[in-house]
Amino acid sequence: MAEMFANAIGYEQLMGRWSVRLAPLYVEFAKLRDEGRVLDVGCGTGALAKVIAGITHKCDIAGVDPAQSFVDYARTQVANPRVNFEVGDAMQLSFPTASFHQTLSLLVMMFIPEPERAAKEMKRVTHPGGAVSACTWDRDGLELASVFWEEAVRLDPGADARSQRPKHSNREGQLTTLWESAGMEDVKETVITMQLPFESFNDFWEPHLRGVAPQGAYVAGLSREGREALRQGLRKRLLGNQPDGAFSLRAKALAVRGTVPH
């Protein structure tokens, strides 16, 4: 799993650019308040922390991620004295209990091996009465991924079974169950939808060649012939017999928020 997220720039090209579009919609649902300390769990390349820093003036923001390359990249993207990034494990956060007024997590919960531990840790480090929230892509609602895997499985029936595609925290209701089992109160879940615009087929395809995320890891393991067959199949699915040009894909995300009991 760690190898899939070693290339920060590759991740930014494949998925990070969509995180920037999703982050403001998620922050609105999370009911972010400009006060105290805010924790970004699984900060990745810094998309969420950058959005939070841009719409607040007072709160301090800490971002943690297990990948050093992502932390290093995030530091180059967010030049704000209120923001600090460090390497950290969502399942074993290094912060004292009740250290933050709010805790958020964007597009990482589905990759955490033990999400129950992570949810309880997010609750632990948040003040009583503070909000804890998370947002993930819906497993079948992100066309960027679903179209890829449908074509991969058509060409290679064992593709999905061998992939490292997330299998938890990415279907409606799963985040609510996770938050309630962690002891959060006033739990609410919502669906966020958006469009992902691509300038051309290569704008869609080339980021898959960076070896990042489950799609990139799968492509990296294919033979030259296998990659070409997948490329041609995806182009046919996305453009049909039309010449290359701009197109967009639908994206569906799931978000949950809850309150730490007093």
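These numbers come from a predicted model, not from an experiment.

Topic: the packing of aromatic side chains
The way to describe two aromatic rings as a pair is by their centre distance and the angle between their planes.
Argument step 1. Per the counting criterion, the structure on display carries nine aromatic pairs.
Argument step 2. With centroids separated by 5.2 Å and ring planes inclined at 65°, the aromatic side chains of Trp 18 and Phe 198 adopt a geometry described as edge-to-face. One end of the pair, Trp 18, is in helix α1 (residues 8-30); the other, Phe 198, is in strand β6 (residues 185-198), with 180 residues separating them in the sequence. Comparing Trp 18 with Phe 198, the two get one shared label, buried.
Argument step 3. An aromatic cluster is defined as three or more aromatic residues linked by ring pairs; in this entry it consists of Trp 18, Phe 198, Phe 201, Phe 204, Trp 205 and Phe 247.
Argument step 4. In this structure, Arg 37 packs its charged tip against the face of Phe 100, placed 4.3 Å from the ring centre.
Argument step 5. It is Arg 257 that lies over the ring of Phe 29; its NZ or CZ is 4.6 Å from the centre.

A few points about the nonpolar core
Argument step 1. Counting 60 residues, the largest nonpolar core has Leu 22, Tyr 26, Ile 52, Trp 137, Leu 144, Phe 204 and Leu 230 as the members making the most contacts within it.
Argument step 2. The greatest single-element share of this core, amounting to nine residues, is contributed by α1.
Argument step 3. Contact partners of Trp 137, with chain neighbours within four places excluded, come to Met 15, Trp 18, Leu 22, Leu 107, Met 110, Leu 142, Asn 170, Met 194, Ala 251, Lys 252 and Ala 253.
Argument step 4. In this structure, Val 41, Ala 62, Phe 95 and Leu 178 belong to the second largest nonpolar core, which totals 27 residues.

How each quantity is defined
- Residues numbered from 1 in each chain as written.
- Predicted model: local features only at pLDDT ≥ 70, side-chain atom pairs only at ≥ 80, totals over all residues.
- Heavy atoms only, no water.
- Phe/Tyr/Trp six-rings, centres within 6.5 Å; stacked < 30°, edge-to-face > 60°.
- Helix = DSSP H or I, 4+ residues; strand = E, 2+ residues; numbered from the N terminus.
- Buried < 20%, exposed > 50% of the residue type's maximum accessible area, 1.4 Å probe, protein only.
- Lys NZ or Arg CZ within 6 Å of the ring centre and 35° of its normal.
- Core = buried A, V, L, I, M, F, W, Y, C linked by side-chain atoms within 4.5 Å.
- Contact = heavy atoms within 4.5 Å.

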